[in-house]
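Residue-level structural notes
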Amino acid sequence: VCFIPGGLDCSISFVSRVLGKVCVHGRQKEILGVLVPRLTDLTKSDCIWQRICWRLVECVPDRWMEAVVLGFVQQAPGADVLSRLLGNLVVKNKKAQFVVTQKILLLQYGHTTAVLQNLLGYLSLDGLRRTLLLRVLQELLETWSSSSAVKHSPAEQQLYISKAILICLSHLKEPEIDSCRQELLMSMMEGMKCHLDSSLPQLQRLGMVVAESISLKINTEGPVLKFEYEEDDETRELKSLLVQTPSFFVVPSLPDDESEKADAALPLVPESNEKSHTAAPVMPDEESDAELDSDDDLLPYDTSEDKELKIKAPVYIRDCIEVLTGSRSEDVDKWEATVKALESLVRKNPAATREVNVELAKILLHLEEKTCIEGFVELRQRAQVAVLTTDPIPVAEYLTSQFYSLNYSLRQRMDILDILVLAAQELSCPKFHGKTKHSGAQKPCIQLPLGSDSSKDWRRIVDERIKSKTRRFNMGQSHVELASRPNEFSSVAGYFFFPLIQHFDRPLTTFDLLGEDHLVLGRLVHTLAILMYLAVNTVAVTAMGKALLEFVWALRFHTDSYVRQGLLSCISSLLLSVPTEQILADMAEELLETQSWLGDVMEKDPDGDCRRLALQNLLLMENLKKKLESVPS
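Thresholds, definitions, all that
In every chain, residue numbers begin from 1 and rise along the written sequence. Per-residue local features of the predicted model are confined to residues with pLDDT of at least 70, and side-chain atom pairs are confined, for both listing and counting, to 80 or more; whole-chain, interface and lining totals are unaffected and use all residues. Hydrogens and water are ignored here; the side-chain numbers use all heavy atoms of the structure. Starting at the N terminus, helices and strands are each numbered in turn, a helix being any DSSP run of H or I of at least four residues and a strand any DSSP run of E of at least two. Burial classes: relative accessible area under 20% of the type maximum marks a residue as buried, over 50% as exposed, and values in between as partly exposed (1.4 Å probe, protein chains only). Working rule for contacts: check all heavy atoms of both residues, and any pair within 4.5 Å makes them a contact. The span one expects for a helix is its residue count, reduced by one, times 1.5 Å. For patch detection, residues must exceed 30% relative accessible area and be free of salt bridges, and they are connected within 9 Å for like charges or within 5 Å for nonpolar side chains (Val, Leu, Ile, Met, Phe, Trp, Tyr). Under the convention used here, a 1.4 Å probe and the Shrake-Rupley method define accessible areas, while residue burial counts only the protein chains that appear. The salt bridge definition used is simple: a Lys or Arg side-chain nitrogen within 4 Å of an Asp or Glu carboxyl oxygen. For the charge count, each Lys or Arg is scored as positive and each Asp or Glu as negative, with His and the chain ends excluded. One atom stands in for each charge, and that atom is NZ of Lys, CZ of Arg, CG of Asp or CD of Glu.

With that out of the way, let us pick up the overall build of the protein chain. Helix and strand counts for the protein chain come out as 33 helices and 0 strands. Looking at the protein chain residue by residue over its 633 residues, the buried ones come to 44%. Taking all contacts inside the protein chain whose residues are at least 6 apart in sequence as the whole, residues at least 24 apart take part in 74%.

Unlike most non-glycine residues, Asn407 shows phi in positive territory, near 65 degrees. Inspection of the secondary structure assignment puts Asn407 in the loop between α24 (392-403) and α25 (410-428). One non-glycine residue, Asn537, lies in the positive phi region at around 70 degrees. With respect to the helices and strands, Asn537 occurs in the loop between α28 (518-534) and α29 (541-555).

Taking 1.5 Å of rise per residue, 15 residues should cover 21 Å, and helix α2 (residues 28-42) covers 20 Å from first to last C-alpha, within 8% of that figure. Here α2 has its buried residues at Gln28, Leu32, Val36, Leu39, Thr40 and Leu42. Among the structural elements, α1 (13-24), α3 (47-58), α4 (62-75) and α5 (79-86) are those in contact with the buried residues of α2.

Side chains of Glu550, Asp586, Glu589, Glu590 and Glu593 sit close together on the surface and give a patch of like negative charge. For the negative patch, the leading source of residues is helix α32 (residues 588-604), giving 3 residues. Among the structural elements, Glu589 can be located in helix α32. Relative accessible area serves as the criterion here: at 64%, Glu589 is assigned to the exposed category.

Given below as structure tokens:
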């Protein structure tokens, strides 16, 4: 920085142009990394240098203003420093105002949390700029509460907007909250509904955290919203943004000889208040008398030799049905024993199970927990899978017909999908016999853990399928000797698959897959993808592939990202399960259209997982093409 002697007037527009030119060419870090610290020191106590700095930024041409403003925001160590360097630039310059209030906050989402804190803190430090802060908060809330924005914008942008909203709320003063309390309440209700309707857990959690924060601000004396969710690092960071921690209040460590002076400068805590925190609670006289009159002095009975009465579980399937359908309260213990023993009983008595298979499947589907039995959901699911694998065709027909029936909750419909997937996996994977040659051998079948969301495993399924087609030469590779066993899913795959895909476009009074029940639609799509994969080398695999491709094509523009991820996983399962010759013979035209659609998804889809899956499918198609070209005609 040069000094002009003699009190002469000068123009710094040339320096402003040089600064703008350097910044617009991507050299903000190099020039502002040197300039900002120097100007920070000069403007601390010199108002002349503050005016020079303001003039320096104001004279930057509009076409270069964005690069300069963004560079200052990124390099400034805090909002107070940024306020000294830029002054009221956003009030005087329309281009700077657009960059600060629109482009950085609503059109971009790659900036760090520190940049957001600098930017919004800068708007809050002056009376003229606080008007812009309130306007920014209103526009952020409009975007956050827009169902279209939630559906079509990536999760990263939703997180970015949520952070900006919480930082704005932390800067609001009580009179400002009173003036916009009703608008905040309306935005909170609309945005909370949009986020809770989403199929992605991350977006649901964002909606809960932001709604809790808004409720805390507008209801300072009354009850506030409180959701139950699992806290992680992201959630804790969001909550911390609601509390301001100014950097200029940090107290440096002092030497020992100055500690007494520092202690003297600290505010004194009133003695009465201090005693209220440290004194032990005094028990009233009535409570002390009640304690003296208690039964603590009575001797307890000796129960060391007592034995717990064991309730004998039923040994016949029909007895289990009677216990599970009974309503007498004294049979609770027997009911628990029946639930725990039912799976093993079904597997040991397949002939007896086949006589009452549909009736037992119906009872288990509607079975509710009478007592607080540990692992009830898992026990019920294991029993349902056992019934389905014991007699697949009639039970699968019953379950798939009930999926589209009236008077079922969404939870029951998703339970049906989980049961079908787990049973199909069990039927398709060979049992393990023989001895393991080396420890640590990897089982070739896909493990779908009970009690978990089966739709979350389709990526691992596809990855394992790809690995199984890859040849590796390695000495001493561990493996398991398997006994030959037919694929039991081969003959029943159609009973699992086709009924689920038939009526998805027919809305019911309480169930609309193409409407508000898109969460169940996403689970259905992922289930079809897994069933398609498990049907490899079966007779019906080609017909299943054609039907699945038509299903995907009808839903390819769905607005929910979870559904689109499932559709893309369906394409992966189809390419891996249907023989290449059958794909080209029966689905050549559809495959070309699908390839074009996958290219659009890879370039334009806002969801990162969808783009990755589309790229994976294009690579699979390219591998199929190379495989056919290598085969001699």
